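Remarks on the overall topology
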Amino acid sequence: MNKGNLGGCLSVAVDIGGTFTDLVAFDPRTSKVFQSKSLTTHHELSQGVWDCLHKASIEHPDIETLVHGSTIAINIAIEEKGAKTALVVSKGTRDVYKIGRQNRPEAYNFSFRRPEPLAARSSTFEVNERLSASGEVLSPLDPAEVEAVAEKIRETGAESVAVCFLHSYVDPRHEIEAGNILRRLLPGVYVSLSHEIVREYREYERTSTTVMNAYVGPKTSEYVARIEQRLDEDGFGGRFLVMQSSGGVMSPGQAKKLPVAMMESGPVGGVIAAAEIGRRLGIDDLITFDMGGTTAKTSLIQKGVVSVAQGYHIGSYASGHPVMFPVVDIVEVGAGGGSIAWIDEVGALKLGPQSAGSAPGPISYGRGGTEPTVTDANVVLGRIGAKSFLGGDMPLDEEAARRGIAERLCLSLGMGVTEVAHGIIRIAVAKMALAVRGVSVQRGYDPRDFALVAMGGGGPPHVIEIARDLGIPKVIIPNLPAHFSALGMLMSDVRHDFVRTYYRPLADSDFAAIRAIYTELGEAGAVALAEAGVEPAQRSFEYFMDLRYTGQEFHLQIPVFEEELTSGDGAAIADRFNETHQRRFGHSAPEEGIELVNLRLTSRGERAKIGFPRLGRTVSDAQIGTRPIFLADASRPVDCPVYRRDLLEPGMTLRGPCVIEEYASTTLLFEGDRVTIADTGEIIVDVMQP
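All of the points below concern the structure found in this document. Note that the structure is a prediction, hence the values are computed from the model and not measured.

Details of the overall build of the protein
- Scanning the protein from N- to C-terminus turns up 17 helices and 35 strands.
- Taken over C-alpha atoms, the radius of gyration comes to 26 Å for the protein, in line with the 26 Å a tight globule of 690 residues would show.
- Each principal axis of the C-alpha distribution contributes one length, and for the protein these read about 80 × 60 × 55 Å.
- Taking all 690 residues of the protein together, 58% fall into the buried category.
- A sequence separation of at least 24 residues applies to 68% of the contacts in the protein between residues at least 6 apart.
- For the protein, the accessible area works out to roughly 28,000 Å², and carbon and sulfur atoms hold 50% of it.
- Side chains of the protein carry 69 positive and 88 negative charges; the gap between the two charge centres is 2 Å.

Spelled out as C-alpha cells, the structure:
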C-alpha cells in the first residue's frame, strides 16, 4: 500500500485478540484510514504487531502514535501461567487472602470450589507492624524483620512479591519502607505495593488486586519492554501508548507498573468507539455487541456515557479473583466464530466454550482444524462468502466444513448438514442474546429503547437475528466493524483513575480535608499524564464520591463538581445521590443518613479524535452478484444480492434479504429489513419485527 511520504504523522492502533490481530491507521492530513488483519501468533503475541504493520506497508518512521491493546495479562491470569508470587502482610492477617469472602454464589452446587490463591499460604509472610483505621501508628515497622522476610522470600524462589499492610490505604509509610527494603535486597524480583495499585478499603479485595498485579507483572512488563525495545530498534520515534481496561490509554511505564490495568484492554476499545460514533449520529443510548473469534461481548452506553465498573472478577464471580480496578462494564459469553460445536453425553448439540482459536482454527481455515465451529456453519449456509473472506486474501474451504459437520455431528443427530449448521447458528444467537439481556434487562433497562451496534468480524452476520429476538428496532454497523476495537483505541483519551477511602457521614465531612485529598490525587494524575506526553492544555480532572445510605453494604459512584467542593455544598451532592438511587433502584430514602466511603479522581488527557469523511459518489454498481444463502429455512436457500460496502453511496437504501460484504466482515439482512447508508458510511438497519 503506497501512502507516500507520511513523515511520522500516522496514528496507529493494534489490537491482539484470541484469533486475529487487527490494525487501524489514520492519516490526519488526508483523513484516510488503513487497515490490516493477521492471525494471532500465540507463541509470540507481539509478532502480530509487526505482521499487521507489514501487511499494511507501514514503516515505523511514518508513525506518530502507536496504541496497543493485548490479551497478554488476562491470558496469564486465566491460564495460571503467572510468576511464583510471595505475599507480605501485617501480623495476624496471613489468612485474609485465603479465607476471602464467605458468600456462596452457587449454594446448591456440591462441586463448588473457591478460587485458589495466586500466592500460596506457605509463601505468605507476616510482619509485625500496625496502623489504626485513622492512620495512627500502633506498632512501628522493624526494618530488620523485613530484611529477614526478604531472605525467606529469596529461599522460596519467588519471582514476584505483593505487599499489603492493614490500613495502608490511609497512610502508606510502612509499605513504602518495606518496599524499599525488598527492592534493595531482591534485585530482579517484581514488587507490587498495595497503595501503588489501589488505596481503597476492603482488605481481601485490595490484597487480591495487589497479588494479581504481582502475579501477571513480570511477564506483562517484559512483554511491554520487548515491544518498546523492538520499536526503538526499528527506528520508531513517536509515542507508544497502552490500552487500559477503563477505556483510556497509558504510558508503557505505567503499564509495567500497573499491568492489572490491562486485563480487558482489547474489548473496551470498541465500546469507546461506539459511544463516539453514536454521538456523531445523534444516538445516545446504545448496546454494543462485539463478536470475535473466541467470545462475544456486550456493553451498555446510556446518554452517551460508557458504563465503567470499579471492580470485577478475573474468571467468574463464583470462583474468580476480585480486582478493584476500573473496567468498562462488559458481559462476555463463550460464543465466537471459533466456538466449537459438539455433542454431549445425552446426544444434544452444544456450543463452546471451547474455541478453535487461530491455531488450528475452524475447519474451513484449512490449517488442520477438525472440530466444527460457528464460522464453518456460516460458510456452509452461504452467510460468509468462502472466496471473499478477508477480501479474498484467505479463501475458506467450504467442502471441508461440510465434511467436518457431517462426520462430527450429523451422524449422531440424524440431521442434514444445513440443518445442523442452522442449529449451530441458532444456539450461538441464543447465547449472545442472553449476553445482551445481561447488560440490559437484568439491570433494569429495556433493550427496545436502545440501538444495537455490531462490531468484530462475527458481529454483522449475527446481529440482526439478535436484535429481532430482543425487539431492538435499530442496528448500526459502523465503518471497519472487524477492526472496531483497534479503531476505538485511536479515539481513547489518556486516562488514570485514583481512589482514596475517606469514610464518615457526608454531613460531618470536612470539605477542607476532602479538597486536600483531591489536590494530592490531582498532582499524581498530572504526573501520570505528563509521563504519557500530555500537554497541560489537554489535561482535565473529574471528581466522584462513593456514597451509600447508612447501613448499606455497597455504594453508588456520584459525580461532584469543583464549585461544590469549594463551597462545601454537601446538600447538592446528597440530592444527586438520592436522584441516582431512585433512578437505579426505583426508590430512595432522603430522610436517611448518607455515608461517604471513597473519593475518586479521573485524570484525562484529551487526544484528537479521528473522523470519517463523507462518502463520495461512486461510478460502479454496488451489487457484485448473487449468492444462495440459507436464512430462516434450513432446507431451502434464498438467492440473495451481494453488495460491496465500499461502493455504497450516502443515502442509498436497500431491502433484505441481501448481503453486504467488506474486507473482514459480512452484514446479513433478512426479509423486511431496511438499510440506509449514513453520510459517513455507517450502515443503519431498521429491523423488521415479527
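Details of the pairing of strand β10 (residues 190-193)
- Burial along β10 is two-sided: Tyr190 and Ser192 and Val191 and Leu193, pointing in opposite directions, are all buried.
- Here four bridges tie strand β9 (residues 160-164) to β10, and the two strands are oriented parallel to one another. Each bridged residue has a counterpart across the sheet, and for Ala162 the counterpart in β10 is Ser192.

Some thoughts on the sheet that holds strand β29 (residues 623-629)
- Pairing within the open sheet is mixed, and its four strands lie in the order β29-β30-β32-β33. Of all the strands in the sheet, just β29 and β33 (666-669) have a single pairing partner and so form its edges. Adjacent strand axes in the sheet meet at a mean angle of 25° when their direction is disregarded.
- When β29 meets strand β30 (residues 638-644), the two strands line up antiparallel, connected through six bridges.

Some words on helix α17 (residues 570-585)
- Relative to the 22 Å expected for 16 residues at 1.5 Å per residue, α17 spans 22 Å between its end C-alpha atoms, a close match to the ideal helical length.
- If you check which residues of α17 are buried, you get Gly570, Ile573, Ala574, Arg576, Phe577, Asn578, Thr580 and His581.
- In this fold, the buried residues of α17 make contact with α15 (511-531), β26 (539-549), β27 (556-560), α16 (562-567) and β28 (594-605).
- Just downstream of α17, Gly586 is the residue with a positive phi angle, here 85°.

Here we look at the nonpolar core
- One finds Ile424, Leu452, Ile466 and Val475 to be the most contacted residues of the largest nonpolar core, which totals 63 residues.
- Here this core gets twelve residues from one element, more than from any other, and that element is helix α12 (residues 417-439).
- Apart from residues no more than four positions distant in its own chain, Val475 is found in contact with Leu452, Val463, Ile464, Ala467, Ile683, Ile684, Val685 and Val687.
- In terms of nonpolar packing, the next biggest core, distinct from the first, is built from 57 residues, Ala162, Tyr223, Val260 and Met263 among them.

What about the environment of Leu480?
- The topology assignment puts Leu480 in the loop between β24 (474-477) and α14 (484-490).
- Its relative accessible area of 12% is what places Leu480 among the buried residues.
- Considered as a pair, Leu480 and Ala25 are 455 residues apart in the sequence and their alpha carbons are 11 Å apart.

With respect to the packing of aromatic side chains
- According to the stated counting rule, one finds seven aromatic pairs in the structure shown.
- Summarising the aromatic geometry, the rings of Tyr365 and Phe389 are spaced 6.0 Å apart at their centres and angled 40° between planes, so their arrangement reads as tilted. In this pair, Tyr365 is assigned in the loop between β22 (349-355) and α10 (374-380) and Phe389 in the loop between α10 and α11 (398-413), connecting sequence segments 24 residues apart.
- Among the residues examined, Phe389 registers a relative accessible area of 13% and is labelled buried.
- Ring pairs connect the aromatic residues Phe20, Tyr365 and Phe389, which therefore count as one cluster.
- Geometry around Trp50 places Arg230 over its ring, the cationic atom sitting 4.2 Å from the centre.

About the cut-offs
- Residues numbered from 1 in each chain as written.
- Predicted model: local features only at pLDDT ≥ 70, side-chain atom pairs only at ≥ 80, totals over all residues.
- Heavy atoms only, no water.
- Helix = DSSP H or I, 4+ residues; strand = E, 2+ residues; numbered from the N terminus.
- Rg over C-alpha atoms; globule rule 2.2 N^0.38 Å.
- Buried < 20%, exposed > 50% of the residue type's maximum accessible area, 1.4 Å probe, protein only.
- Contact = heavy atoms within 4.5 Å.
- Areas by Shrake-Rupley, 256 points an atom, 1.4 Å probe, with all protein chains shown as cover.
- Lys, Arg positive; Asp, Glu negative; His and termini not counted.
- Charge placed at Lys NZ, Arg CZ, Asp CG, Glu CD.
- Pairing = 2+ DSSP bridges.
- Axes fitted to C-alpha atoms, helices over the stretch in contact; angles between N-to-C directions.
- Expected span 1.5 Å × (residues − 1).
- Core = buried A, V, L, I, M, F, W, Y, C linked by side-chain atoms within 4.5 Å.
- Phe/Tyr/Trp six-rings, centres within 6.5 Å; stacked < 30°, edge-to-face > 60°.
- Lys NZ or Arg CZ within 6 Å of the ring centre and 35° of its normal.

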